Amino acid sequence: MTSQALITASAAIILTLGLLHLLYTFRGPKLHPREAALETQMKSVSPVITRQTTMWKAWVGFNGSHSYGAILFG
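Residues numbered from 1 in each chain as written. Predicted model: local features only at pLDDT ≥ 70, side-chain atom pairs only at ≥ 80, totals over all residues. Heavy atoms only, no water.

Colleague: Sorry, what's going on with the confidence of the model for the protein chain here?
Modeller: The predicted coordinates should not be examined in detail at positions where pLDDT is low. Averaged over the protein chain, the pLDDT score is 94; the fraction of residues at 70 or greater is 100%. Looking across the protein chain, the model is least confident in helix H2 (residues 36–44), with a mean pLDDT of 94, and most confident in helix H1 (residues 2–26), with 96. (pLDDT = per-residue confidence, 0-100. Helix = DSSP H or I, 4+ residues; strand = E, 2+ residues; numbered from the N terminus.)

What follows is the structure, given as structure tokens:
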């Protein structure tokens, strides 16, 4: 009984952190850089692998995918 409660509690922690990370990725400034110039530059620079995306879109996608990973793990 105790082991099930501990497993459930640890899964709930990871799930909660994943949900918060997902929320902060798409809402609010918590995952934005402190310097506005850096965000502007990230929105205008593309990685070497392709010109169809920007570093900002890659940053948001990276954070979103890792949020979903934590949610699924939780």
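Colleague: What's the story with the side chain of Asn63 in this structure? I'm lost.
Modeller: Turning to its location among the elements, Asn63 is positioned in helix H3 (residues 55–73). For Asn63, a relative accessible area of 5% translates into the label buried. Discounting chain neighbours no more than four positions away, the residues touching Asn63 are His21, Thr25 and Leu31. (Buried < 20%, exposed > 50% of the residue type's maximum accessible area, 1.4 Å probe, protein only. Contact = heavy atoms within 4.5 Å.)

Colleague: I'm lost on the pattern of salt bridges in this one. Help?
Modeller: Following the criterion strictly, the structure yields one salt bridge and no others. Glu39 is paired through a salt bridge with Lys43; the nearest N and O atoms lie 3.2 Å apart. Of this pair, Glu39 and Lys43 both sit in helix H2, four residues apart, which is roughly one turn of that helix. With relative accessibility at 15%, the residue Glu39 sits in the buried group. (Salt bridge = Lys/Arg side-chain N within 4 Å of Asp/Glu carboxyl O.)

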